[in-house]
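The residues making up each chain are set out below.
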Amino acid sequence: MKNTYLLTSLRCALFGAFAVTTSQVQAESIAITNATVYTVAEQGILSQATVVIDDGKIIAVYSKDEVPESLSTDTLIDAKGRILTPGFIASQNLLGLVEVGAVSATRDGSDKKADLTFDASLAFNPKSSLIAYARKGGVTSNLVMPHGGDKVFTGQSFVVNLSGEFDSVIAQKNAVMVSLGSSRKGSRALKLQTLANDLEDAQKSLAKAEKAAAKNKKAKGKDKKEAKEPSRSQKVMYALLAGEKPLLAYADRATDILALLKLKQQYNLDLVLVGASDAVLVSDEIAKANVTVMMSAIDNLPSSFDSLHNSLANVAKLTKAGVKVIISNSGESHNINQLRFDAGVAIANGLAETTALAAITANVADTFKLNSGRIVVGKNADLVLWSSDPFEISTKVDAMWINGNAMSLRSRQDALRERYTADTDMPRAYTK
Amino acid sequence: MSKKTLPRNLVMSKLTHKFINKKSAFTLFATSMLSLGLTACLPNEKQDTKIVINKNPYPSTYQALPAQSTLLTNATILTGTGERLDDADILLVNGKVMQVGNNLSAEQAKVIDMAGKWITPGIIDVHSHLGVYPNPQVESHSDGNEMTSPNTSEVWAEHSVWPQDPAFEAARAGGVTTLQILPGSANLFGGRGVTLRNVPSHTMQGMKFADAPYGLKMACGENPKRVYGSRKVLPSTRMGNVAGYRTAWLAATEYKREWDKYDSDYSAGKNPQAPTRDLELDTLMGVLDGEILIHNHCYKAEEMAVMIDLSNEFNYHSGTFHHAIEAYKIADLLAANGNCAAMWPDWWGFKMEAFDMVEENAAIVDAVKNSCAVVHSDSSTTIQRLNQEAAKVMYRANENGFALKEEDAIKWITANAAKSLGINDEVGSLVAGKNADVVVWNMNPFSVYAQAEQVFIDGAKVYDRFDDKYQAKSDFLLGQNLSNHVKNQATEAVTAPVSKPVNKPSTTSSTK
């Protein structure tokens, strides 16, 4: 785990030229005691456990029997048996890139000219009113997946936390997105060809560059040439080929999925399937290739001829076949707080509770190498204390920490409700 | 379309009495008297055959599925009238609720122990586009919005319904027994909506709720002004929207006056010339006559207030406001004027007019006396879990000072929805005499884990989560996943019967 973290840091240093590292928070030290801790790790569920956080990180997780007699933290919180989970990690949305869907001036998630170098994190707005509302659903971080342009390579994703602070972009350009499958114009074949050709070209040019570099190393004096700098696009492709960036591939039909699995094998890609409505038809192949699937848990209708096998049971079926699944509420940016209900629906349709929790925490963290998603020592203190079962509609978030900082659970919606339910003789505008 | 000459009294008799207003009742009376031979006392001019508008040219052919008397026992029953009965029984006979209470018995009924289960009225969605924007979402199926003129009151959603939309089955599995299919919201007047029973059928008429009044879809706000403004056609502004409504209602008022005059002149024994039929104005006149109910896509408080004044200006009722994101700002006004507000629990932000969402909206509307709060879906996905949509409102409201119970919240998706659609005499609550539309849930339906286990429409089981026999499948999905291989093909060929009985095509709806 520590290694993973180091690796992530290294990658940020290498590929995120403008990467904003999380500021060193001056978070106080906190001990959350008497909690039912869903670690989403080897320890499983710990009852009457204590989690200690300091300097933004989890520094201790004590099971019931391990709790020391005295804890010298700034704050002590008695969870009274309530459930503590890692903060949820949403994905596949435009959080921070859109304020009002139909107001184009508030949309920064797409651009006709966008190509695979498109980095929408530069447009991320941590002050968006969507963020505070999303926190109400226990979401502490998010993989933003801009729509990009109309090319096969649509751009790159980025990761943010939901602190609402200016330093909330955790990882820029962390994965490359491609859009495959059916479309109203043209053939899906050409999209697959473009992807395959671009990978092949990149592999060739990389080999050529390596050969030239090797030759250059041996050369002396005048023969020594300055190495040719690869283009920005080439750098991204090289990162894909090196497995340094995951390839987020939107595809629903089984044939497209199989074609992607083949490319993964050929180029050793770190492939993540997105959408994957008909993945159940090839679940064994996906499991064997050790590929993560990012999908909706509630899209159960045959919305296209690529999605004839959509079902509420698909997440459970894929999981049973050994596929690692990330549940995301696709397309929704304003209601990502409902992620937990979608996971609940998956549970009602056969998914194990712990697997459902992993599908919105650890699985996302593992796939994108984030230092969160589990309650274990060393992870970011992104935590949620729930009034009861995290997936139930009757449950609410009682407390939330991001990097060890206690977060507000109040949104603009609360202010509106209070204004219009207040007892006043004055016009509502005076109720603030 | 040619002029219809069916006698008006015949047509009227097909409508339920409650939709006959004073004027219609008078016409009915007058027409009946005519048939008794009053013509003898009238002036000399011979009368032409009376021109009468056929108000039901696409009649329902719905028939309840085969049913037997059923007694469901020991359940927690939410009646839809605000009551909760524990360890209670419900008896369904001849398609109706016969009795609800404790320790019921019935000699000939099939008794099913529902201990631990919850029972609610069938779920009703007042705002759906199933069948008109069906799955798969292909261009060929996009039949939900006639976006060619700001006033398309002449179109009827029922003429677009594809009954094979697989979303009907999915909604049924979520307990939805009745739903109104509306045209889209691009136009000021989008056309007529139709209320359907959620039974499998290969014709629209086979699903049509026989006595439900038609709805007229109207739309406020951004959609009409965006669609037509971009074409340099009125409306391009909200004031243009209202001008468009007023122009249309003026024409409808005049049209109605012409027909009323024709009717009264004819009744007086004269031989007047009938007004020229106009399909657009027929629909608007139906609203002015109180026979067609308004279903108005209208998000914002100030626009709903204007729409209420507009209805008073032209003497009709402004009906139900759909997607009423800001209903909570004018909850008093809505209740005082007798409007229903149909709301999502939490959709917001996709448009400017959807920016001021509060999750407690339906609860705030509901808290006012004589209110009519409805939770709707407008979605082929969330229609499958309207119980959870209502749950979100209830729990969020209770976190903020409300004290709502399941028996209150269920009304938003049953009784109040039925009231909005003008069918609350038939459905929406579990009261003796009402249609036996019943959902059996595996647990408290306001849980995220709740599943509808059995669904009854008119006393007939139309869905069973654990019995494939009661899980209908759309034509579209049939045979999509057949195996390409046959086991023991040769053997099968030899043992296959020489002649198979011919399957006669069924003329009625069936579950399979």
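Residues numbered from 1 in each chain as written. Chains lettered and ligands numbered in written order. Predicted model: local features only at pLDDT ≥ 70, side-chain atom pairs only at ≥ 80, totals over all residues.

What follows deals with the overall build of chain A. When helices and strands are counted, chain A shows 11 helices and 16 strands. For 432 residues, the compact-globule formula gives about 22 Å, and the C-alpha radius of gyration of chain A, at 23 Å, lands near that figure. Oriented by its inertia axes, the alpha-carbon framework of chain A measures out at about 75 × 55 × 50 Å. With 432 residues in all, chain A has 50% of them scored as buried. Of the contacts made within chain A by residues no fewer than 6 positions apart, 69% connect residues no fewer than 24 positions apart. (Helix = DSSP H or I, 4+ residues; strand = E, 2+ residues; numbered from the N terminus. Rg over C-alpha atoms; globule rule 2.2 N^0.38 Å. Buried ≥ 20, exposed ≤ 12 C-beta atoms within 10 Å, placed from the backbone. Contact = placed C-beta atoms within 7 Å.)

A word on the confidence of the model for chain B. All names here are of chain B. Averaged over every residue, the pLDDT of chain B is 90; residues scoring 70 or more account for 87%. Long-range and interchain partners of residues 1-41, a stretch whose pLDDT sits below 50, account for 47 contacts in this model, where long-range means more than four residues apart. pLDDT under 50 marks residues 500-512. Its contacts with residues more than four places away, or in other chains, come to 11 contacts. For this predicted complex, the interface confidence reaches an ipTM of 0.92, while the overall pTM sits at 0.90. (pLDDT = per-residue confidence, 0-100.)

Turning our eyes to something else, we now look at the interface of chain B and chain A. Every contact between the two is made by 38 residues of chain B and, on the other side, 31 residues of chain A. Taken together, the elements giving at least two residues each to the side of chain B that touches chain A come down to helix H3 (166-173) and helix H10 (386-398) of chain B. Per element, the largest residue contribution to the side of chain B that touches chain A is four residues, and it comes from H10(B). Grouping the constituent residues of the side of chain B that touches chain A by class yields 19 nonpolar, 10 polar and nine charged. (Nonpolar A, V, L, I, M, F, W, Y, C, P; charged D, E, K, R; others polar.)

Residue and element names in this part refer to chain A. Along strand E14 (residues 383-386), one buried face is formed by Leu 383 and Leu 385 and the opposite face, lined by Val 384 and Trp 386, is buried too. Pairing geometry for strand E5 (residues 83-86) and E14, over four bridges, is antiparallel. Across the sheet, Pro 86 pairs through a bridge with Leu 383, a residue of E14. Sheet analysis places E14 next to strand E15 (residues 397-402), joined by four bridges and oriented antiparallel. Of the residues in E15, the one forming a bridge with Trp 386 is Val 397. (Pairing = 2+ DSSP bridges.)

Of the residues in chain A, 94% have a pLDDT of 70 or more, and the chain-wide mean is 93. Across residues 1-25 of chain A the pLDDT falls below 50, and counting only partners more than four positions away or on other chains, this stretch makes 31 contacts in the model.

All names here are of chain A. Taken together, eight strands build an open sheet; the order of strands is E6-E7-E8-E9-E10-E11-E12-E13 and the sheet is mixed. Each edge of the open sheet carries a strand with a single partner, namely strand E6 (88-93) and strand E13 (325-327). Neighbour to neighbour, the strand axes of the sheet diverge by 25° on average, direction disregarded. Judged from the five bridges that link them, E6 and strand E7 (residues 139-144) form a sheet pairing that is parallel. If you follow Ser 91 over to E7, its bridge partner there is Leu 143. (Axes fitted to C-alpha atoms, helices over the stretch in contact; angles between N-to-C directions.)

The next subject is the domain arrangement of chain B. Residues and elements named next belong to chain B. Domain assignment breaks chain B into domain 1 (70-121 + 454-470) and domain 2 (123-427). For domain 1 versus domain 2, the separation of C-alpha centres amounts to 31 Å. Contacts between the two partners involve 12 residues from domain 1, matched on the other side by 15 residues from domain 2. Counting only elements with at least two residues in the side of domain 1 that touches domain 2, the list comes to strand E5 (118-121), strand E15 (452-457) and strand E16 (460-464). Residues of the side of domain 1 that touches domain 2, tallied by class, amount to six nonpolar, four polar and two charged. (Domains from an automatic or database assignment.)

A few words now on helix H7 (residues 301-313) of chain B. All names here are of chain B. For H7, which comprises 13 residues, the first-to-last C-alpha distance of 19 Å matches the rise-based estimate of 18 Å (1.5 Å per residue) to within 8%. Regarding H7, the residues found buried are Ala 301, Glu 303, Met 304, Met 307, Ile 308 and Ser 311. Mapping the buried residues of H7 onto a view down its axis gives an arc of 165°, with all of them on the same face. Opposite the packed face of H7, turned more than 90 degrees from it, sit the exposed residues Glu 302, Asp 309 and Asn 312. Where H7 is buried, its residues contact strand E10 (293-297), strand E11 (320-322) and helix H8 (331-336). Phi turns positive one or two residues past the end of H7, at Asn 315, with a value near 60°. (Expected span 1.5 Å × (residues − 1). Arc of directions from axis to C-beta.)

Before going further, it helps to examine the sheet that holds strand E13 (residues 373-375) of chain B. Note on sheets: strands pair through backbone hydrogen bonds, and any given pair is parallel or antiparallel. Residue and element names in this part refer to chain B. The mixed open sheet is built from eight strands, whose spatial order is E6-E7-E8-E9-E10-E11-E12-E13. On the outer flanks of this sheet lie strand E6 (123-128) and E13, each paired with one strand and no other. The sheet shows a mean angle of 25° between the axes of neighbouring strands, direction not considered. Sheet topology places strand E9 (residues 215-219) next to E10; five bridges connect them, and they run parallel. Following the sheet pairing, Ala 219 is matched in E10 by His 297.

Now for the environment of A:Ala348. Note that A:Ala348 resides in helix H8 (residues 339-348). Considered as a pair, A:Ala348 and A:Leu122 are 226 residues apart in the sequence and their alpha carbons are 39 Å apart. Leave out the neighbours within four places in its chain, and A:Ala348 touches B:Val448, B:Tyr449 and B:Gln451.

Okay, the environment of A:Ala415 next. All names here are of chain A. If you trace the backbone, Ala 415 turns up in helix H11 (residues 412-421). Take Ala 415: there are 13 C-beta atoms within 10 Å of it, and that puts it in the partly exposed class. Residues Ala 415 and Lys 432, 17 residues apart in the sequence, show an inter-C-alpha distance of 7.4 Å.

This part is about helix H4 (residues 222-229) of chain B. Residues of H4(B) that are buried: B:Asn223, B:Pro224, B:Lys225, B:Val227 and B:Tyr228. Tucked into the core, H4(B) has its buried residues touching E9 and helix H5 (238-267) of chain B.

As a further point, take the packing of helix H3 (residues 188-218) of chain A against helix H4 (residues 232-241) of chain A. Residues and elements named next belong to chain A. Direction vectors running N to C along H3 and H4 enclose 95°, while the axes themselves pass 9 Å from each other. Here H3 is positioned roughly perpendicular relative to H4, judged by the angle of their axes. When H3 is examined against H4, the residues Asp 198, Ala 202, Gln 203, Ser 205 and Leu 206 are found in contact with a partner set consisting of Gln 234, Met 237, Tyr 238 and Leu 241. Here the residues of the contact of H3 with H4 sort into five nonpolar, three polar and one charged. (Parallel < 35°, antiparallel > 145°, perpendicular 65-115°, else oblique.)

All names here are of chain A. By the assigned domains, chain A splits into domain 1 (2-179 + 335-416) and domain 2 (188-327). Centre-to-centre, using C-alpha coordinates, domain 1 lies 25 Å away from domain 2. With 31 residues of domain 1 in contact, the opposing surface of domain 2 contributes 31 residues. Of all elements in the fold, only helix H1 (2-15), E6, strand E9 (169-179), H8 and helix H10 (362-368) reach the threshold of two or more residues within the side of domain 1 that touches domain 2. Ranked by residue count, the leading element in the side of domain 1 that touches domain 2 is E9, at six residues.

For the peptide bond that leads from B:Asn135 to B:Pro136, omega is -5°, which places it in the cis range. Secondary-structure assignment places B:Pro136 in the loop between E6 and H3. A cis geometry characterises the amide bond from B:Leu234 onward to B:Pro235, with omega recorded as 5°. Topologically, B:Pro235 is positioned in the loop between H4 and H5. You will see that A:Lys369, though not glycine, has its phi angle at about 55°, which is positive. Its place among the elements puts A:Lys369 in the loop between H10 and E14. Backbone geometry at B:Asn94 places phi at a positive 50°, although glycine is not the residue there. Along the chain, B:Asn94 turns up in the loop between strand E2 (84-93) and strand E3 (96-101). Of the residues examined, B:Asn94 has 12 C-beta atoms within 10 Å and is grouped as exposed.

To continue, consider the pairing of strand E3 (residues 57-62) of chain A. Residues and elements named next belong to chain A. Bridge count between strand E2 (residues 45-54) and E3: five bridges; the pairing is antiparallel. The partner of Val 52 across the bridge, within E3, is Ala 60. Once E2 ends, the chain turns through two residues before running back antiparallel as E3, passing Asp 55 with a positive phi of about 50°.

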